[in-house]
Amino acid sequence: MVRPLAELEARAASAAWAGGGAQRRPGSRCLQARKCRRGMAAVVRWLGLRAAGPGAVSAARGHVGWAGGPAPRLGRAQPLPPSPKAPPRAVRRSVLAVPLRPGLAWRPSRCGSSAAEAPATKAQHDSVFQWFLLLIPVTAFGLGTWQVQRRKWKLKLIAELESRVAAEPIPLPADPMELKNLEYRPVKVRGHFDHSKELYMMPRTMVDPAREAQEAGRLSSSPESGAYVITPFHCTDLGITILVNRGFVPRKKVNPDTRQKGQIKGEVDLVGMVRLAETRKPFVPENNPERNHWHYRDLEAMARLTGADPIFIDADFRSTVPGGPIGGQTRVTLRNEHMQYIVTWYGLCAATAYLWFKKFLRRSPGV
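Notes on the structure in this doc start here. Small disclaimer: the values here were computed from a predicted structure and weren't measured.

Analysis parameters
Residues numbered from 1 in each chain as written. Predicted model: local features only at pLDDT ≥ 70, side-chain atom pairs only at ≥ 80, totals over all residues. Heavy atoms only, no water. Helix = DSSP H or I, 4+ residues; strand = E, 2+ residues; numbered from the N terminus. Buried < 20%, exposed > 50% of the residue type's maximum accessible area, 1.4 Å probe, protein only. Contact = heavy atoms within 4.5 Å. Areas by Shrake-Rupley, 256 points an atom, 1.4 Å probe, with all protein chains shown as cover. Polar contact = N/O pair within 3.5 Å; in protein donor to acceptor, adjacent residues only side chain to side chain. Pairing = 2+ DSSP bridges. Expected span 1.5 Å × (residues − 1). Phe/Tyr/Trp six-rings, centres within 6.5 Å; stacked < 30°, edge-to-face > 60°. Lys NZ or Arg CZ within 6 Å of the ring centre and 35° of its normal. Salt bridge = Lys/Arg side-chain N within 4 Å of Asp/Glu carboxyl O.

What to know about the overall build of the protein
- Scanning the protein from terminus to terminus reveals ten helices and eight strands.
- By residue count, 33% of the 367 residues in the protein fall in the buried class.
- For the protein, the share of sequence-separated contacts (at least 6 apart) that also reach a separation of at least 24 residues comes to 67%.
- Looking at the protein as shown, the accessible area adds up to about 24,100 Å², and 58% of this sits on carbon and sulfur atoms.

Focus on the side chain of T306
- Among the secondary structure elements, T306 is positioned in helix α9 (residues 299-306).
- A polar contact is formed between the side chain of T306 and the backbone oxygen of M302, at a distance of 2.8 Å.
- Excluding residues within four positions of it along the chain, T306 makes contact with K197, L199, P232 and L243.

Overview of the pairing of strand β8 (residues 312-315)
- The two faces of β8 match: F312 and D314 on one face and I313 and A315 on the other face are all buried.
- For strand β5 (residues 240-250) and β8, the ladder comprises three bridges, and the chain directions are parallel. Looking across to β8, one finds that L243 is bridged to F312.
- Judged from the four bridges that link them, strand β6 (residues 268-275) and β8 form a sheet pairing that is antiparallel.

A few points about helix α10 (residues 338-360)
- If you check α10, its first and last C-alpha atoms are 33 Å apart, about what 23 residues at 1.5 Å a residue would give, namely 33 Å.
- Residues of α10 that are buried: H338, I342, C349, T352, W356 and F360.

Brief notes about the packing of aromatic side chains
- Overall, the coordinates contain four aromatic pairs when judged by the stated rule.
- Relative to Y346, the ring of F141 has its centre 5.7 Å away and its plane inclined at 40 degrees; by these criteria the two rings are tilted. Of the two residues, F141 sits in helix α6 (residues 135-165) while Y346 sits in helix α10, which places them 205 residues apart along the sequence.
- Plain terms: the ring middles of W356 and F360 are 5.6 Å apart, the flat faces sit at 45 degrees to each other, and that makes the pair tilted. With W356 and F360 both in helix α10 and four residues apart, the pair spans about one turn of that helix.
- Here a set of aromatic residues connected by ring pairs shows up, and it is made of W131, W356 and F360.
- Here the basic side chain of R297 rests over the ring of F312, its NZ or CZ set 5.8 Å away from the ring centre.

Re the side chain of Q263
- One can find Q263 in the loop between β5 and β6.
- The class of Q263 is buried, set by a relative accessible area of 10%.
- In this structure the side chain of Q263 is engaged in a polar contact, spanning 3.0 Å, whose partner is the side chain of R259.
- Q263 has contacts with H195, E198, R246 and P256, leaving out every residue within four places of it along the chain.

Considerations on the pattern of salt bridges
- The tally for this structure, following the rule as stated, stands at ten salt bridges.
- With a closest N to O distance of 3.5 Å, E160 and R164 form a salt bridge. Taken together, the residues span about one helical turn, with E160 and R164 both in helix α6 at a distance of four residues.
- A relative accessible area of 40% places E160 in the partly exposed class.
- Taking the relative accessible area as the measure of exposure, R164 reaches 26% and is therefore partly exposed.
- Two residues, R190 and D269, come together in a salt bridge whose shortest N-O distance is 2.7 Å. Residue R190 is found in strand β2 (residues 186-193), and its partner D269 is found in strand β6; the two are separated by 79 residues along the sequence.

See the structure below:
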């Protein structure tokens, strides 16, 4: 700011001397001094030197050379020396328009206004993020409550299933539509088997509750693989043919010639549980009727192949005969893992709620 100030001083001085020309008239010196003072006052007001105090103004006046001093030279501008009453730092700050006099107001520029708006915008974003994070414990609490309701429904379903399995056998209804509400219900029939049309559901493992209880804590087990023998059964009293799962046989005894002793002949009384058709689950192979390999219960296809009605029952364990399939291959279990889901969701809710409370509600006032 030193060089522009010198240039302005030179311009003001030349304007004051311009009226005199080459020949100066008597008394023109005082007039020229007044004009110079007026010009310098305008320059000082424009540059803000008045805010620095009278010392800076006096320094500026002494440099120009008015009030009886020598006339300034119109050559190269000289730098403005600081006054003893106004230190160089005060002059520099006054030139930069920084008010130093007590009581003068300082107005921030547009850049300062943007800097003041930044904390407000950041606080608004933090508030939105705070309430968004609150959705985590709220959602976990809702899922935990939903699992509580699911567990109540599952326990009720298990109790109903256990009571149905333990009920007394009833005669088999002839209407297939009535059987839709009787799954896992014991029924009794009388008739004879047609061993020439056996079907094989394989691969299967034998349902053995005692063995499964012993192997419950083991990491791995290797139960024997085999097949379920599905045999058409003609009901004498109803005049229809149904499909009966006689039970499990090892793979080496799938061929009926290896178990002729267990092929029951004549009329027998049979008790079993009603089973309905099932759909193919993911990753379960398709049934292969040509090879007589069945991976799931497709009652319509089985009935067409054997000429029976689409009615299926699992024979109970008392139907087992020496050398024949082992009956009682009905697995009556329902998965009930809702308690661990409840603990998981409520635990997640408690942990995230504590962290949220500690982060946003218990932080100290200056953070």
